[in-house]
Amino acid sequence: MKKFLLFLAVSAAFVSCKKDQYEIAGTVDKSLNGKNVFLETQGGMTGFTAKDTVKVENGKFVFEGTATEPALYFIQVEGLNGKAEIVLEQGDIEVTIDKDSLFKSTQGGTFNNDMLHQYYQDINKIRTKMLSFQKANQQAMMAAYKANDTVVMNKLNKTYVAIGKEMTDASTTFIKKNPKAYISVLLLKQQVAMAKTPYADLKKLYDALDADNKKTKEGKELTTEMAKLQKAEESKASVEVGKAAPEFSAASPDGAKLSLKQSLGKVTLVDFWASWCKPCREENPNVVAMYNELHAKGLNIIGVSLDKDAAKWKEAIAADKLTWNQVSNLKFWDEPIAQQYGVKSIPATFLLDASGKIVAKDLRGAELKAKVEELLAK
């Protein structure tokens with residue numbers, strides 16, 4: 001009996017030693033024998049940080065360690081371009097590196113690596129189509145950009161966007177079918193960041209995710225982003241045309257507090273922009289010309305910047321000759337006024353009448369000027 005109990009104790013100790021452990025068994029072409037293989041995570045000065053390094057021996061390499069929850073990692077083989085992806089998690093992970101095309105590498109052995117492999121099987125045709133399109137049209141796009149040929153640029157961009165939608169649709173289908181897969185959290189985070197999918201659709205996908213997925217680091221970050229989106233949706237509902245524009249105040253470039261109420265004119269434009277936003281900067285000359293012409297007749301503007309660098313914000317104001325009121329909390333996409341107004345992309349504009357009521361949204365160029373002139377004429 002004592003021997004039997006001792007055996008159970010030893011067995012339990014052995015099992016406990018295996019808790020959270022992983023082993024990555026890799027296979028690669030033998031021509032790479034002696035080369036270093038790096039197990040990397042995102043972060044650091046170069047965008048990736050090596051967590052472990054081993055050498056290829058007889059076409060094989062092995063990583064061992066512990067992982068308390070799933071996380072996306074990358075395998076970089078010395079001498080090869082690109083990185084293979086795996087989900088680092090407890091268990092025996094298998095990866096076969098394709099030295100000629102790393103995105104054709106295969107992974108498996110654990111649930112989440114099987115799911116990662118399945119996802120790539122689902123999207124490889126679309127990914128190949130996108131890469132082929134980029135390669136075939138790169139020179140044409142550059143030539144069109146230099147010549148400012150908007151017809152060609154728009155045509156190429158339309159095709160590129162269509163292929164991108166195929167990729168998003170495939171990702172959405174995968175998330176719906178695989179709510180327990182860790183990769184589903186990453187794909188949904190990507191859709192949230194792209195800000196092209198309606199909130200209601202994102203919420204359905206998020207609500208259906210497995211509870212354990214939401215407990216991971218990426219899952220918690222996704223939960224935070226979804227809460228921000230919900231708040232933005234609620235704010236958006238309060239800033240519709242016909243409703244009073246929400247009051248706000250923030251620091252001007254000289255550090256003084258400035259409010260919307262202080263900036264109101266007969267007609268007021270609330271202009272969300274940033275120094276790093278190319279479309280915003282391209283639109284600024286039109287807004288400057290309109291302001292110079294119509295300010296004396298009652299047009300006021302208050303710019304709300306999504307900058308995070310005060311110096312760059314001030315430089316852009318000076319360079320673009322923006323002489324109207326400007327405010328910013330210098331919090332990038334966490335700008336509270338942008339969240340208050342439900343702004344998820346810039347440039348974004350809100351046109352107010354003399355009472356501070358919203359009369360139009362997101363007008364630009366000639367359309368914006370025509371509406372301002374119409375309101376000033378009343």
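See the structure shown above.
Residues numbered from 1 in each chain as written. Predicted model: local features only at pLDDT ≥ 70, side-chain atom pairs only at ≥ 80, totals over all residues. Heavy atoms only, no water.

A. Representation of the packing of helix α4 (residues 182-194) against helix α5 (residues 199-208) within the structure. For the pair α4 and α5, the least separation of the axes is 11 Å and the interaxial angle reads 160 degrees. Here α4 lies roughly antiparallel to α5, going by the angle between them. At the point where α4 passes α5, the crossing takes the left-handed sense. Every residue of α5 that contacts α4 at L188, Q191 and V192 is listed here: L202, L205 and Y206. Its residues assigned to classes, the contact of α4 with α5 shows five nonpolar, one polar and no charged. (Axes fitted to C-alpha atoms, helices over the stretch in contact; angles between N-to-C directions. Helix = DSSP H or I, 4+ residues; strand = E, 2+ residues; numbered from the N terminus. Parallel < 35°, antiparallel > 145°, perpendicular 65-115°, else oblique. Left-handed = near helix turned anticlockwise from the far one by under 90°. Contact = heavy atoms within 4.5 Å. Nonpolar A, V, L, I, M, F, W, Y, C, P; charged D, E, K, R; others polar.)

B. Molecular detail of empty space enclosed by the protein. Under the definition given, this model contains one cavity of 30 Å³ or more. Counted as a void, the largest cavity has a volume near 60 Å³. What lines the largest cavity is simply D271, W273, C280, E283, N284, V287, P347, T349, L363, R364 and L368. A total of four residues in the lining of the largest cavity trace back to one element, the largest contributor, which is helix α9 (residues 278-294). Among the residues making up the lining of the largest cavity, the classes are represented as six nonpolar, two polar and three charged. (1 Å grid on protein atoms, 1.4 Å probe; cavity = no way out; pocket = protein on both sides within 12 Å on 5 of 7 lines; lining within 4 Å. Points joined across faces, edges and corners; volume = space filled by probe spheres on them.)

C. Summary view of the layout of surface pockets. What the largest pocket holds in volume is close to 1,100 Å³. What lines the largest pocket is a set of 39 residues, among which L72, F74, E85, L186 and Q190 lie closest to the centre. For the lining of the largest pocket, the elements supplying multiple residues, two or more each, are β2 (36-42), β5 (71-77), β6 (84-88), α2 (111-146), α3 (150-177), α4 and α7 (217-238). Its residues assigned to classes, the lining of the largest pocket comprises 21 nonpolar, 11 polar and seven charged.

D. Up close: the pattern of salt bridges. In the structure shown here, the tally under the stated rule is 16 salt bridges. Measuring nitrogen to oxygen at the nearest pair gives 3.5 Å for the salt bridge that ties D100 to K99. Its salt-bridge partner being K189, residue E221 comes within 2.6 Å of it at the nearest N-O pair. Residue E221 is found in helix α7, and its partner K189 is found in helix α4; the two are separated by 32 residues along the sequence. According to the relative accessible area criterion, E221 is partly exposed, its value standing at 29%. Because the salt bridges share partners, they merge into one network encompassing K189, K217, E218 and E221. (Salt bridge = Lys/Arg side-chain N within 4 Å of Asp/Glu carboxyl O. Buried < 20%, exposed > 50% of the residue type's maximum accessible area, 1.4 Å probe, protein only.)

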